[in-house]
Amino acid sequence: MPRFSSVPFRFSPVTLERQNQRFDLILRGVRHIGCSYEGHVFFGNPEADEATERNPSNGYAASFYVFGHGDCYGAPGHCEPARARQAYDMTPPPASLPLEVHVNITEGIIRAAESTEADELTLTIVPVANRTAPTLDVDENRLMEITGRVSIVAYA
């Protein structure tokens, strides 16, 4: 099963001095051709998987949802977005362009930073497919594809 697991990164409760501070996880280049899924975000639990309970003791921080548009039935490359467009091209961009997903992780990252004795955390994202439709074919290898940057942004 595909999942994203970061290398340990430094995050100390000292960085939480400001009130009303917000932290967002930003995923750039999220592919949404294929089936829909829910992404579970964990801190400090690199072994998290689909069966891991979503509770604070397991490092659970938040969830996000990607509405998949089904598989591409065109010729190879049909659903891949064009690399460049002409200046005079007025057609709307294709619906298959990768998404940018923002997830509010404020409570989860603060809880994780305060509960760990080290000043390092790991970020793990586990995709969980919607398997309720009897005719749904889930390609486990392409369930969650992130082609861009994954970052944590702080707002004060």
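Use the structure listed above.
Worth saying up front: this structure is predicted, and the values here are computed from it rather than measured.

J.: Help me understand the overall build of the chain, please; the structure alone is not making it clear to me.
T.: Secondary structure summary: the chain contains one helix and nine strands in total. In sequence order, the chain lays out its α and β elements as β-β-β-β-β-β-α-β-β-β. Counting all 156 residues of the chain, 38% fall into the buried class. For the chain, restricting intrachain contacts to residue pairs at least 6 apart in sequence, the fraction spanning at least 24 positions comes to 80%. Carbon together with sulfur atoms contributes 51% to the accessible area of the chain, which is approximately 9,900 Å² in total.

J.: Just to check I follow, could you spell out the side chain of H32 for this structure?
T.: Summarising the element assignment, H32 is placed in the loop between β3 (22-30) and β4 (37-43). For H32, a relative accessible area of 5% gives the class buried. Among the polar contacts made by the side chain of H32, one reaches the main-chain carbonyl oxygen of L97 at a distance of 2.9 Å. What H32 contacts, discounting residues up to four positions off in sequence, is V66, F67, G68, H69, A95, S96, L97, P98 and L99.

J.: I'm lost on the packing of aromatic side chains in this one. Help?
T.: For any two aromatic rings, the description comes down to two numbers: the centre-to-centre distance and the angle of the planes. Applying the stated criterion across every chain yields a total of two aromatic pairs. Aromatic pair Y37 and F64: ring centres 6.5 Å apart, planes at 75°, arrangement edge-to-face. Of this pair, Y37 sits in strand β4 while F64 sits in strand β5 (residues 60-66), and the two are 27 residues apart along the sequence. Given the relative accessible area of 5%, F64 is considered buried. Aromatic pair F42 and Y60: ring centres 5.8 Å apart, planes at 70°, arrangement edge-to-face.

What counts, and where the lines are drawn
Residues numbered from 1 in each chain as written. Predicted model: local features only at pLDDT ≥ 70, side-chain atom pairs only at ≥ 80, totals over all residues. Heavy atoms only, no water. Helix = DSSP H or I, 4+ residues; strand = E, 2+ residues; numbered from the N terminus. Buried < 20%, exposed > 50% of the residue type's maximum accessible area, 1.4 Å probe, protein only. Contact = heavy atoms within 4.5 Å. Areas by Shrake-Rupley, 256 points an atom, 1.4 Å probe, with all protein chains shown as cover. Polar contact = N/O pair within 3.5 Å; in protein donor to acceptor, adjacent residues only side chain to side chain. Phe/Tyr/Trp six-rings, centres within 6.5 Å; stacked < 30°, edge-to-face > 60°.

Shape is all these values report; function is a separate question.
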